Amino acid sequence: MIPNKVPLAHLPTRIEFLAALTKTLGGPKIYCKRDDQTGLGFGGNKTRKLEYLLGDALQHKAQTLVSMGAIQSNHCRQVAALAARAGLGCILVLSGKPPEIATGNLFLDNLFGAEVVWAERDNRQQVLEDTVNQAEKLGRKPYMIPYGGSNAIGMLGYYDAIKELRQEEDLLGLHFDWIVTASSSGGTQAGMILGASAWKFKGRILGIAIEGSSNELSGTIANLVKESITNYSLDLSIDSDTIIVNDHYTGAGYGVMAEPEIEAIRLFASKEGLLLDPVYTGRAAAGLIDLVRRGFFNEHENVLFWHTGGTPALFAEPYLSLLQCH
Ligand SMILES: *Cc1c(COP(=O)(O)O)cnc(C)c1O
């Protein structure tokens, strides 16, 4: 049985045809699913996951949401917004050092009233556990939301999203041959793969890895899918060849914006008035653009670029300065 979620997201998100980008690139028809517009503190893919995670937190009578991420984590910014909205406390364990001026997502974390605990990237899992234990002792009833909201519960948001997509395909009278999306902690892609099996989505789902290797991420995704099938006794099975991850675009690593991302951000902005972000969607779009140029897609195919959000990071250093000097 699928658990209950708390409805928060602005759904269904729009699907837009990107005519100018399609023309410029000269390949398949490119559409965009606007999950950057899901609501909740500027929106993004975490809203759908957090609907389920909040449902679980409330069932556990939680009073404080605790999570972790990078200094410009979109996930943490959305957790902070959620906590404010739900009247809960919020503690974020962020990797890095407190900057002089909080910009982008970190600025928003502060505005939403989240408490920030700083950690090194290598020990943030430990700091997270210590933080949860301490909150427990203080009687704050903490609920730990995993990195990226990616666990068997959170991923159900994207299981539902494929049902939504199937309905939109029927309304639009077309089907998508490909979904292309950023993939990092794996929950989004895992949910989509599970949903594709449940709701009979016929296209393929291509995850552009943001960091790490294709093998690693595919393994994470396979485990997440298995876990939800078991936990919720779903009568579904997933073929391992439906897990498609491309790790050619990870560049110099997580959060390092370089030429491909800058080109993608500028192209989407100037051709379509659409904002991408420096870490996730800029990288995924750079992958999409490169694959189109290499003739990876057939010209008659419909490709859905699933926009997962992240745009507040555009206003964070070092990205802002790097984009300005271009
Ligand atoms: C978290 C995030 C992703 C990655 O989603 P996962 O479920 O972690 O793979 C992609 N895009 C944006 C903007 C994100 O914040």
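Position numbers for residues start from 1 in each chain and track the written sequence from start to end. With the structure being a predicted model, the display of local features is reserved for residues of pLDDT at least 70 and the display and counting of side-chain atom pairs for 80 or more, all residues being used for whole-chain, interface and lining totals. Computation of side-chain values covers all heavy atoms of the structure but excludes hydrogens and water.

1. Things to note about the site of the ligand
No. 1: Note on terminology: near, applied to a residue and a molecule or strand, indicates that one of the residue's heavy atoms is within 4 Å of it. Taken together, the neighbourhood of the ligand is formed by 16 residues, with K46, K49, S185, T188 and T308 sitting nearest.
No. 2: Here a polar contact is recorded for every N or O atom pair within 3.5 Å, except that within protein the pair must consist of a potential hydrogen donor and a potential acceptor, and residues adjacent in sequence are included only if both atoms are side-chain atoms. Here an oxygen atom of the ligand sits 2.5 Å away from a polar atom, N or O, in the side chain of S185.
No. 3: Calculation of accessible area relied on Shrake-Rupley with a 1.4 Å probe; when residues are assessed, cover is drawn exclusively from the protein chains displayed. Here the ligand loses 98% of its free accessible area of 380 Å² to cover by the protein chains.
No. 4: In DSSP terms, a helix is any run of H or I states spanning at least four residues, a strand is any run of E spanning at least two, and both are numbered starting from the N terminus. Put simply, the parts of the chain that give the shell around the ligand at least two residues each are α2 (46-59), β7 (178-183) and α7 (187-199).
No. 5: All residues other than Ala, Val, Leu, Ile, Met, Phe, Trp, Tyr, Cys, Pro, Asp, Glu, Lys and Arg, Gly among them, are scored as polar; the first ten of these are nonpolar and the last four charged. Among the residues making up the shell around the ligand, the classes are represented as 2 nonpolar, 12 polar and 2 charged.

2. Section: the packing of aromatic side chains
No. 1: Pairing of aromatic rings covers Phe, Tyr and Trp, the last through its six-membered ring, and needs centres within 6.5 Å; plane angles under 30 degrees mean stacked, over 60 mean edge-to-face, and all others mean tilted. Summed over the entire model, instances satisfying the criterion amount to 9 aromatic pairs.
No. 2: On the numbers, 4.9 Å between centres and 45° between planes, the contact of F17 with Y31 is tilted. Taken together, the residues span a long stretch of sequence, with F17 in strand β1 (residues 15-17) and Y31 in strand β2 (residues 29-34) at a distance of 14 residues.
No. 3: Buried residues are those whose accessible area, probed at 1.4 Å on protein chains only, stays under 20% of the maximum for their type, while exposed residues exceed 50% and partly exposed ones sit between those limits. The class of F17 is partly exposed, set by a relative accessible area of 39%.

3. As for the nonpolar core
Nonpolar side chains in soluble globular proteins tend to be buried together.
No. 1: Throughout this description, the term nonpolar core refers to a set of buried Ala, Val, Leu, Ile, Met, Phe, Trp, Tyr and Cys residues connected via side-chain atoms within 4.5 Å. The biggest cluster of nonpolar side chains holds 56 residues, and the ones touching the most others in it are L65, L165, I179 and W306.
No. 2: If you list the elements that add at least two residues to this core, you get α2, α3 (74-86), β4 (89-95), α6 (156-172), α7, β8 (204-209), α8 (214-231) and β10 (302-307).
No. 3: With 38 residues, the next largest nonpolar core counts I208, A285, I289 and L314 among its residues.

4. Considering the sheet that holds strand β3 (residues 64-70)
No. 1: When DSSP finds at least two bridges between two strands, those strands are taken to pair. The strand order across the open sheet built from 4 strands is β5-β4-β3-β6, with neighbouring strands paired in parallel fashion. The open sheet has two edge strands, β5 (115-119) and β6 (142-144), and neither has a second partner. The sheet shows a mean angle of 25° between the axes of neighbouring strands, direction not considered.
No. 2: Across 3 bridges, β3 lies against β6 in parallel orientation. With axes taken as lines fitted to C-alpha atoms, and helix axes fitted only over the stretch in contact, angles between N-to-C directions fall between 0 and 180 degrees.

5. Some thoughts on the sheet that holds strand β9 (residues 244-246)
No. 1: Here we have 6 strands laid out as an open sheet, ordered β1-β2-β10-β7-β8-β9, and mixed in their pairing. Only two strands of the sheet have a single neighbouring strand rather than two, namely β1 and β9. On average, adjacent strands in this sheet sit at an angle of 30° to one another, irrespective of strand direction.
No. 2: Bridge count for β8 against β9 is 3 bridges, and the pairing is parallel. Bridge pairing in β9 places I208 opposite N246.
No. 3: Any two residues whose heavy atoms approach within 4.5 Å are treated as being in contact. This element, α8, spans β7, β8 and β9 of the sheet and lies at about 150° to β9.

6. Points about α8
No. 1: In a helix, the anticipated span is given by 1.5 Å times the number of residues less one. The end-to-end C-alpha separation of α8 is 26 Å, in line with the 26 Å expected for 18 residues at 1.5 Å each.
No. 2: The set of residues buried in α8 consists of S214, L217, S218, I221, L224, V225, S228 and I229. Taken end-on, α8 shows its buried residues confined to a sector of 130°, consistent with a single buried face. Exposed positions of α8 whose direction lies more than 90 degrees from the buried face are N215, E216, K226 and T230.
No. 3: The secondary structure elements touched by the buried residues of α8 are β7, α7, β8 and β9. What the arc covers is the set of directions going from the helix axis to the C-beta atoms.

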